[in-house]
Amino acid sequence: MDDTASTGPVVDLKNVTVAYGKTLALADVTAAFPRGAVGLLGPNGAGKTTLLKSLLAFITPTLGTM
């Protein structure tokens with residue numbers, strides 16, 4: 001059994017960009033989220049909802065990998 005599957009991050013983003021026309025909702029985001037409870041905090045317009053919609057495949061990132 002591969003231990004990285006059980007101990008590695010549950011989500012890994014590399015250089016993710018999401019654009020709505022000329023507006024960048026996410027710009028070159030790189031992050032790794034560990035297993036367990038994780039919260040997203042930030043002001044209105046920070047890209048929290050766009051990030052979640054991208055992870056759920058409701059929208060497709062312009063660039064990068066998830």
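Residues numbered from 1 in each chain as written. Predicted model: local features only at pLDDT ≥ 70, side-chain atom pairs only at ≥ 80, totals over all residues. Heavy atoms only, no water.

K.L.:
Even after reading the chapter, I still don't get a nonpolar patch on the surface, so can you show me in this structure?
P.N.:
On the surface, L40, L52, L55 and M66 cluster together into a nonpolar patch covering about 310 Å² of accessible area. Mapped onto the fold, M66 is located in the segment after β3 (63-65). What makes M66 partly exposed here is its relative accessible area of 40%. (Patch = residues over 30% accessible without salt bridge, like charges linked within 9 Å, V, L, I, M, F, W, Y side chains within 5 Å. Areas by Shrake-Rupley, 256 points an atom, 1.4 Å probe, with all protein chains shown as cover. Salt bridge = Lys/Arg side-chain N within 4 Å of Asp/Glu carboxyl O. Helix = DSSP H or I, 4+ residues; strand = E, 2+ residues; numbered from the N terminus. Buried < 20%, exposed > 50% of the residue type's maximum accessible area, 1.4 Å probe, protein only.)

K.L.:
Explain the environment of Y20 here, please?
P.N.:
Tracing the backbone shows Y20 in strand β1 (residues 11-20). The class of Y20 is partly exposed, set by a relative accessible area of 42%. Spatially, the C-alpha atoms of Y20 and T62 are 9.2 Å apart, while their sequence positions differ by 42 residues. When residues no more than four places from it in sequence are discounted, the contact partners of Y20 are A25, T50 and I59. (Contact = heavy atoms within 4.5 Å.)

K.L.:
I keep staring at the pairing of strand β2 (residues 23-33) and nothing clicks. Help me out?
P.N.:
The side chains of a regular strand alternate, first on one face of the sheet and then on the other. Note that β1 and β2 share seven bridges and pair antiparallel. Of the residues in β2, the one forming a bridge with V16 is V29. (Pairing = 2+ DSSP bridges.)

K.L.:
Help me out: how do you make sense of unusual backbone geometry in this one?
P.N.:
Glycine aside, a negative phi is what most residues show, and trans is what most peptide bonds show. Even without being a glycine, N15 presents a positive backbone phi close to 50 degrees. As for its position among the elements, N15 is in strand β1. Look at D28: it is not a glycine, yet its phi comes out positive at around 55 degrees. Of note, D28 is situated in strand β2.

Shape descriptors only; they carry no functional weight alone.
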